[in-house]
Amino acid sequence: MKVLITGASGRFGPFMAAALRGDYDLVLSSRTAPPAALGDIPWLQGDLNVFDDCRRAVEGVQAIMHLGAVPSPSDHPALRARREAEGQPQPPLDATMHTNIMGTYYLLMAAVEAGVHTVVMTGSNCAFGHGYRISGRPFPVRYLPLDEEHPSDVEDSYSYSKLAGEQLLASFTRAYGLRTYMTRPSGICPPERLKGMAASAKPASGWSEWLFGYVPSEDLADLQRLILERADDLPAHDVFVANGADSTLLEPTRDVIARFRPDLLPLAEGITGHQALFSIEKARRTLGWEPRRGWREYLP
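The structure contained in this document is the topic of the report that follows. (Residues numbered from 1 in each chain as written. Predicted model: local features only at pLDDT ≥ 70, side-chain atom pairs only at ≥ 80, totals over all residues. Heavy atoms only, no water.)

## Let's talk about the environment of Gly131
And then number 1: Relative to the elements of secondary structure, Gly131 occurs in the loop between strand S5 (118–122) and helix H5 (157–176).
And then number 2: Considered as a pair, Gly131 and Ser208 are 77 residues apart in the sequence and their alpha carbons are 9.0 Å apart.
And then number 3: Among residues more than four places away in sequence, those in contact with Gly131 are Asp156, Ser159, Glu209 and Trp210. (Helix = DSSP H or I, 4+ residues; strand = E, 2+ residues; numbered from the N terminus. Contact = heavy atoms within 4.5 Å.)

Structural data, given as C-alpha coordinates:
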(Lines give C-alpha, C1' and ligand atoms only; values in the text may rest on other atoms or scores of the structure.)
Protein backbone atom coordinates (compact mmCIF):
# COMPACT_ATOMS: atom_id res chain seq x y z
CA MET A 1 0.00 0.00 0.00
CA LYS A 2 1.26 3.45 -0.89
CA VAL A 3 0.80 5.96 1.94
CA LEU A 4 1.26 9.72 1.74
CA ILE A 5 2.44 11.54 4.88
CA THR A 6 1.71 15.28 4.75
CA GLY A 7 3.52 17.72 7.01
CA ALA A 8 6.49 15.35 6.98
CA SER A 9 8.97 18.07 7.97
CA GLY A 10 7.13 18.72 11.24
CA ARG A 11 8.14 17.32 14.62
CA PHE A 12 5.75 14.37 14.43
CA GLY A 13 6.57 13.43 10.83
CA PRO A 14 9.66 11.29 11.54
CA PHE A 15 7.79 9.26 14.17
CA MET A 16 4.89 8.57 11.83
CA ALA A 17 7.28 7.57 9.07
CA ALA A 18 9.22 5.30 11.43
CA ALA A 19 6.01 3.54 12.44
CA LEU A 20 5.16 2.75 8.79
CA ARG A 21 8.46 2.38 6.94
CA GLY A 22 9.40 -1.13 5.90
CA ASP A 23 5.78 -2.25 5.66
CA TYR A 24 4.38 0.47 3.41
CA ASP A 25 5.45 2.31 0.27
CA LEU A 26 5.80 5.84 1.65
CA VAL A 27 5.84 9.26 0.02
CA LEU A 28 6.34 12.48 1.96
CA SER A 29 4.92 15.92 1.31
CA SER A 30 5.76 19.21 3.01
CA ARG A 31 6.76 22.78 2.23
CA THR A 32 10.32 22.27 3.46
CA ALA A 33 12.60 19.25 3.24
CA PRO A 34 12.07 16.53 5.87
CA PRO A 35 14.85 15.62 8.33
CA ALA A 36 17.89 13.88 6.90
CA ALA A 37 16.86 10.63 8.59
CA LEU A 38 13.97 10.41 6.12
CA GLY A 39 16.19 11.08 3.12
CA ASP A 40 15.62 7.63 1.64
CA ILE A 41 11.85 8.22 1.36
CA PRO A 42 10.57 10.08 -1.73
CA TRP A 43 9.64 13.68 -0.94
CA LEU A 44 7.42 16.06 -2.87
CA GLN A 45 7.68 19.74 -2.05
CA GLY A 46 4.18 21.13 -1.80
CA ASP A 47 1.79 23.41 0.02
CA LEU A 48 -1.60 22.26 1.31
CA ASN A 49 -2.96 25.66 0.29
CA VAL A 50 -2.27 24.87 -3.38
CA PHE A 51 -4.79 22.44 -4.88
CA ASP A 52 -2.45 21.32 -7.67
CA ASP A 53 0.22 20.47 -5.07
CA CYS A 54 -2.32 18.27 -3.27
CA ARG A 55 -3.28 16.58 -6.53
CA ARG A 56 0.35 15.85 -7.30
CA ALA A 57 0.99 14.46 -3.81
CA VAL A 58 -1.87 11.93 -3.89
CA GLU A 59 -1.07 10.37 -7.27
CA GLY A 60 -1.07 6.58 -6.91
CA VAL A 61 -1.77 6.79 -3.18
CA GLN A 62 -4.18 4.47 -1.36
CA ALA A 63 -4.03 6.07 2.09
CA ILE A 64 -3.05 9.40 3.63
CA MET A 65 -1.58 10.23 7.02
CA HIS A 66 -2.49 13.91 7.20
CA LEU A 67 -0.15 15.60 9.68
CA GLY A 68 0.24 18.98 8.00
CA ALA A 69 -1.22 21.96 9.89
CA VAL A 70 -0.51 25.34 11.45
CA PRO A 71 -0.01 24.25 15.10
CA SER A 72 -1.43 27.27 16.93
CA PRO A 73 -3.99 30.07 16.44
CA SER A 74 -2.32 32.68 14.24
CA ASP A 75 -4.91 35.29 15.24
CA HIS A 76 -4.89 34.72 19.02
CA PRO A 77 -4.66 38.15 20.74
CA ALA A 78 -2.32 37.02 23.52
CA LEU A 79 0.03 35.17 21.17
CA ARG A 80 0.20 38.10 18.77
CA ALA A 81 0.87 40.50 21.65
CA ARG A 82 3.69 38.25 22.89
CA ARG A 83 5.28 38.04 19.45
CA GLU A 84 5.08 41.81 19.11
CA ALA A 85 6.68 42.33 22.52
CA GLU A 86 9.50 39.91 21.63
CA GLY A 87 10.01 41.44 18.19
CA GLN A 88 9.04 38.25 16.38
CA PRO A 89 7.43 38.31 12.94
CA GLN A 90 3.66 37.90 12.89
CA PRO A 91 2.08 35.18 10.75
CA PRO A 92 -0.83 36.18 8.53
CA LEU A 93 -3.97 36.61 10.62
CA ASP A 94 -5.80 33.87 8.69
CA ALA A 95 -2.91 31.38 8.43
CA THR A 96 -4.42 28.83 10.81
CA MET A 97 -7.91 28.93 9.34
CA HIS A 98 -6.68 28.82 5.77
CA THR A 99 -4.21 25.95 6.08
CA ASN A 100 -6.08 23.83 8.61
CA ILE A 101 -9.48 24.10 6.96
CA MET A 102 -8.99 24.98 3.28
CA GLY A 103 -5.76 22.99 3.07
CA THR A 104 -7.56 19.94 4.44
CA TYR A 105 -10.43 20.54 2.02
CA TYR A 106 -8.05 20.68 -0.95
CA LEU A 107 -6.34 17.48 0.20
CA LEU A 108 -9.64 15.66 0.61
CA MET A 109 -10.90 16.77 -2.80
CA ALA A 110 -7.65 15.58 -4.35
CA ALA A 111 -8.00 12.29 -2.46
CA VAL A 112 -11.49 11.73 -3.86
CA GLU A 113 -10.27 12.43 -7.41
CA ALA A 114 -7.37 9.98 -6.97
CA GLY A 115 -9.49 7.19 -5.48
CA VAL A 116 -7.78 7.23 -2.09
CA HIS A 117 -9.31 4.68 0.31
CA THR A 118 -8.43 6.00 3.80
CA VAL A 119 -7.43 9.28 5.43
CA VAL A 120 -6.12 9.38 9.01
CA MET A 121 -5.67 12.94 10.27
CA THR A 122 -3.71 14.12 13.29
CA GLY A 123 -6.11 16.48 15.03
CA SER A 124 -5.87 17.84 18.55
CA ASN A 125 -7.62 17.56 21.88
CA CYS A 126 -7.96 21.34 21.50
CA ALA A 127 -11.17 20.40 19.69
CA PHE A 128 -12.64 20.24 23.19
CA GLY A 129 -11.88 23.96 23.56
CA HIS A 130 -10.06 23.75 26.89
CA GLY A 131 -6.86 25.37 25.61
CA TYR A 132 -6.11 28.76 24.06
CA ARG A 133 -9.00 30.36 25.94
CA ILE A 134 -9.63 33.99 24.98
CA SER A 135 -12.65 35.15 26.98
CA GLY A 136 -11.25 34.40 30.44
CA ARG A 137 -14.26 32.17 31.03
CA PRO A 138 -13.17 28.76 32.36
CA PHE A 139 -13.70 25.74 30.15
CA PRO A 140 -17.03 24.19 31.19
CA VAL A 141 -16.16 20.67 32.35
CA ARG A 142 -19.27 18.46 32.26
CA TYR A 143 -17.58 15.25 33.44
CA LEU A 144 -14.14 13.70 33.93
CA PRO A 145 -12.21 12.27 32.26
CA LEU A 146 -13.10 13.97 28.97
CA ASP A 147 -13.95 11.56 26.16
CA GLU A 148 -15.00 11.86 22.53
CA GLU A 149 -18.60 12.68 23.49
CA HIS A 150 -17.81 15.60 25.80
CA PRO A 151 -19.31 18.87 24.48
CA SER A 152 -16.93 21.27 22.78
CA ASP A 153 -16.52 24.91 23.81
CA VAL A 154 -13.93 26.24 21.36
CA GLU A 155 -13.03 29.94 21.33
CA ASP A 156 -9.92 30.21 19.14
CA SER A 157 -9.16 29.54 15.49
CA TYR A 158 -6.83 26.58 16.06
CA SER A 159 -9.26 24.68 18.28
CA TYR A 160 -12.09 25.52 15.90
CA SER A 161 -10.07 24.34 12.90
CA LYS A 162 -9.49 20.97 14.56
CA LEU A 163 -13.16 20.56 15.43
CA ALA A 164 -14.15 21.69 11.93
CA GLY A 165 -11.61 19.24 10.52
CA GLU A 166 -13.43 16.36 12.18
CA GLN A 167 -16.71 17.54 10.69
CA LEU A 168 -15.12 18.09 7.28
CA LEU A 169 -13.76 14.54 7.23
CA ALA A 170 -17.16 13.18 8.25
CA SER A 171 -18.83 15.10 5.41
CA PHE A 172 -16.46 13.51 2.86
CA THR A 173 -17.28 10.09 4.26
CA ARG A 174 -21.00 10.75 3.85
CA ALA A 175 -20.67 12.27 0.39
CA TYR A 176 -17.94 10.22 -1.25
CA GLY A 177 -17.47 7.07 0.84
CA LEU A 178 -13.94 8.05 1.81
CA ARG A 179 -12.96 6.32 5.07
CA THR A 180 -11.81 9.10 7.43
CA TYR A 181 -10.42 9.12 10.95
CA MET A 182 -9.21 11.81 13.33
CA THR A 183 -7.11 11.55 16.47
CA ARG A 184 -7.31 14.06 19.32
CA PRO A 185 -3.81 14.02 20.78
CA SER A 186 -2.75 16.01 23.80
CA GLY A 187 0.67 17.71 23.60
CA ILE A 188 2.77 15.43 21.40
CA CYS A 189 6.04 14.62 23.18
CA PRO A 190 9.17 13.11 21.60
CA PRO A 191 11.56 11.25 23.94
CA GLU A 192 13.72 14.31 24.61
CA ARG A 193 10.68 16.25 25.81
CA LEU A 194 9.65 13.36 28.06
CA LYS A 195 13.13 13.40 29.58
CA GLY A 196 12.87 17.16 30.09
CA MET A 197 9.50 16.77 31.82
CA ALA A 198 11.03 14.29 34.25
CA ALA A 199 14.09 16.44 34.89
CA SER A 200 11.99 19.51 35.74
CA ALA A 201 9.14 17.75 37.53
CA LYS A 202 7.84 19.49 40.65
CA PRO A 203 4.52 19.70 42.51
CA ALA A 204 1.76 21.65 40.80
CA SER A 205 1.56 25.34 41.70
CA GLY A 206 -1.86 25.96 40.19
CA TRP A 207 -4.57 24.76 37.86
CA SER A 208 -4.00 24.55 34.12
CA GLU A 209 -6.73 24.86 31.52
CA TRP A 210 -4.63 22.45 29.46
CA LEU A 211 -5.67 19.74 31.95
CA PHE A 212 -2.21 18.18 32.26
CA GLY A 213 -2.42 16.05 29.11
CA TYR A 214 0.35 14.68 26.90
CA VAL A 215 0.99 11.78 24.53
CA PRO A 216 4.37 10.28 23.54
CA SER A 217 5.09 10.73 19.83
CA GLU A 218 5.76 7.04 19.26
CA ASP A 219 2.53 6.00 20.96
CA LEU A 220 0.51 8.38 18.80
CA ALA A 221 2.21 7.00 15.69
CA ASP A 222 1.32 3.47 16.83
CA LEU A 223 -2.32 4.50 17.29
CA GLN A 224 -2.56 6.07 13.84
CA ARG A 225 -1.01 2.98 12.26
CA LEU A 226 -3.58 0.81 14.05
CA ILE A 227 -6.38 2.99 12.70
CA LEU A 228 -5.00 2.66 9.17
CA GLU A 229 -4.73 -1.11 9.45
CA ARG A 230 -8.18 -1.58 11.01
CA ALA A 231 -10.02 0.96 8.84
CA ASP A 232 -12.16 -1.60 7.04
CA ASP A 233 -13.41 -2.97 10.37
CA LEU A 234 -14.16 0.46 11.89
CA PRO A 235 -17.08 2.80 11.26
CA ALA A 236 -16.43 4.69 8.03
CA HIS A 237 -15.65 7.81 10.08
CA ASP A 238 -14.48 8.00 13.68
CA VAL A 239 -12.58 10.10 16.22
CA PHE A 240 -10.19 8.85 18.92
CA VAL A 241 -8.79 10.72 21.93
CA ALA A 242 -5.04 10.12 22.28
CA ASN A 243 -3.29 10.68 25.61
CA GLY A 244 -0.61 9.03 27.66
CA ALA A 245 -1.64 6.51 30.28
CA ASP A 246 -1.19 9.16 32.97
CA SER A 247 -1.09 12.94 33.46
CA THR A 248 1.85 15.34 33.51
CA LEU A 249 1.33 15.82 37.26
CA LEU A 250 3.94 14.62 39.74
CA GLU A 251 1.30 14.09 42.42
CA PRO A 252 -1.98 12.13 42.20
CA THR A 253 -4.46 13.79 39.86
CA ARG A 254 -7.30 13.93 42.35
CA ASP A 255 -5.06 15.66 44.92
CA VAL A 256 -4.45 18.51 42.47
CA ILE A 257 -8.17 18.78 41.71
CA ALA A 258 -8.94 18.95 45.43
CA ARG A 259 -6.33 21.64 45.97
CA PHE A 260 -6.97 23.94 43.00
CA ARG A 261 -10.41 23.04 41.59
CA PRO A 262 -12.48 21.57 44.45
CA ASP A 263 -15.60 22.46 42.46
CA LEU A 264 -14.65 19.62 40.09
CA LEU A 265 -14.33 16.99 42.81
CA PRO A 266 -17.89 15.69 42.33
CA LEU A 267 -16.95 15.00 38.69
CA ALA A 268 -13.71 13.26 39.61
CA GLU A 269 -14.94 10.50 41.89
CA GLY A 270 -13.66 7.81 39.54
CA ILE A 271 -10.21 9.38 39.05
CA THR A 272 -7.47 7.36 40.77
CA GLY A 273 -3.69 7.60 41.03
CA HIS A 274 -2.04 9.54 38.23
CA GLN A 275 -4.94 8.92 35.86
CA ALA A 276 -5.21 11.33 32.94
CA LEU A 277 -8.10 13.77 32.59
CA PHE A 278 -8.57 12.62 28.99
CA SER A 279 -10.06 9.17 28.46
CA ILE A 280 -8.43 6.74 26.02
CA GLU A 281 -10.90 3.96 26.74
CA LYS A 282 -12.39 4.12 23.24
CA ALA A 283 -9.01 3.51 21.58
CA ARG A 284 -8.26 0.76 24.08
CA ARG A 285 -11.62 -0.93 23.56
CA THR A 286 -11.85 -0.52 19.80
CA LEU A 287 -8.23 -0.91 18.70
CA GLY A 288 -6.44 -2.55 21.61
CA TRP A 289 -4.15 0.49 21.77
CA GLU A 290 -2.19 1.04 24.95
CA PRO A 291 0.43 3.77 25.50
CA ARG A 292 3.74 2.04 26.17
CA ARG A 293 5.89 5.05 26.99
CA GLY A 294 5.72 7.92 29.46
CA TRP A 295 7.68 10.64 31.18
CA ARG A 296 7.74 8.88 34.56
CA GLU A 297 10.15 6.24 33.25
CA TYR A 298 12.80 9.00 33.20
CA LEU A 299 12.32 10.07 36.82
CA PRO A 300 15.40 9.55 39.02
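## Things to note about the sheet that holds strand S2 (residues 25–30)
Picture the strands of a sheet paired through backbone hydrogen bonds; they go either parallel or antiparallel.
And then number 1: Strand order across the open sheet formed by 7 strands is S3-S2-S1-S4-S5-S6-S9, with parallel pairing between neighbours. Strands with a single pairing partner mark the edges of an open sheet, and in this sheet they are strand S3 (43–45) and strand S9 (237–242). Pairs of neighbouring strands in the sheet enclose a mean axial angle of 15°, with direction left out of account.
And then number 2: As defined by bridge partners, strand S1 (residues 2–6) adjoins strand S4 (residues 63–66) across 4 bridges and the pair is classed as parallel. Across the sheet, the residue bridging to Val3 is Ala63, located in S4.
And then number 3: In the packing of helix H1 (residues 13–20) onto the sheet, the strands contacted are S1, S2 and S4, and the crossing angle to S1 comes to about 170°.
And then number 4: Strands S1, S4, S5, strand S6 (179–185) and S9 of the sheet are contacted by helix H7 (residues 217–230), whose axis makes an angle of about 160° with S5. (Pairing = 2+ DSSP bridges. Axes fitted to C-alpha atoms, helices over the stretch in contact; angles between N-to-C directions.)

## What to know about empty space enclosed by the protein
And then number 1: Inspection of the entire model under this criterion finds 1 cavity of 30 Å³ or more.
And then number 2: Approximately 40 Å³ is the volume found for the largest cavity.
And then number 3: Looking at the lining of the largest cavity element by element, the count peaks at 3 residues for helix H2 (residues 51–57).
And then number 4: For the lining of the largest cavity, the per-class residue count stands at 4 nonpolar, 3 polar and 2 charged. (1 Å grid on protein atoms, 1.4 Å probe; cavity = no way out; pocket = protein on both sides within 12 Å on 5 of 7 lines; lining within 4 Å. Points joined across faces, edges and corners; volume = space filled by probe spheres on them. Nonpolar A, V, L, I, M, F, W, Y, C, P; charged D, E, K, R; others polar.)

## Thoughts on the pairing of S9
And then number 1: With respect to burial, S9 is a largely interior element, 5 of its 6 residues being buried.
And then number 2: Examined bridge by bridge, S6 and S9 share 6 bridges and lie parallel to one another. Among the inter-strand pairings, Tyr181 is bridged to a residue of S9, identified as Asp238. (Buried < 20%, exposed > 50% of the residue type's maximum accessible area, 1.4 Å probe, protein only.)

## A word on the packing of aromatic side chains
The geometry of an aromatic ring pair is captured by two quantities: the separation of the ring centres and the angle between the planes.
And then number 1: On inspection of all chains with the given rule, the structure shows 8 aromatic pairs.
And then number 2: Taking the centre distance of 5.9 Å and the plane angle of 35° together, the rings of Phe51 and Tyr106 count as tilted. Of the two residues, Phe51 sits in helix H2 while Tyr106 sits in helix H4 (residues 95–114), which places them 55 residues apart along the sequence.
And then number 3: Feature note: the residues Phe51, Tyr105, Tyr106, Phe172 and Tyr176 constitute an aromatic cluster, connected by ring pairs.
And then number 4: Directly above the ring of Phe128 sits Arg184, whose terminal nitrogen or CZ lies 4.6 Å from the centroid. (Phe/Tyr/Trp six-rings, centres within 6.5 Å; stacked < 30°, edge-to-face > 60°. Lys NZ or Arg CZ within 6 Å of the ring centre and 35° of its normal.)

## Details of the nonpolar core
And then number 1: In this structure, Ile5, Met16, Leu20, Met65 and Trp289 are the most contacted members of the largest nonpolar core, which totals 50 residues.
And then number 2: Looking at this core, the elements with two or more residues in it are S1, H1, S2, S4, H7, S9, helix H8 (253–260) and helix H9 (281–287).
And then number 3: With 6 residues, the single largest contributor to this core is H7.
And then number 4: When residues no more than four places from it in sequence are discounted, the contact partners of Trp289 are Val215, Asp219, Asp222, Leu223, Leu226, Ala242, Asn243, Ile280, Ala283 and Arg284.
And then number 5: Residues Leu48, Ala57, Ala110 and Leu168 belong to the second largest nonpolar core, which totals 23 residues. (Core = buried A, V, L, I, M, F, W, Y, C linked by side-chain atoms within 4.5 Å.)

## A short note on unusual backbone geometry
As a rule of thumb, non-glycine residues mostly have phi less than zero, and peptide bonds are mostly trans rather than cis.
And then number 1: Here the residue pair Leu144 and Pro145 is connected by a cis peptide bond, since its omega of -10° sits within 30 degrees of zero.
And then number 2: Position of Pro145 among the secondary structure elements: in the loop between S5 and H5.
And then number 3: The phi angle at Tyr132 is positive, at roughly 55°, despite the residue not being glycine.
And then number 4: By the secondary structure assignment, Tyr132 is in the loop between S5 and H5.
And then number 5: Unusually for a residue other than glycine, Leu211 sits at a positive phi of about 60°.
And then number 6: With respect to the helices and strands, the residue Leu211 is situated in the loop between helix H6 (191–199) and strand S8 (215–216).

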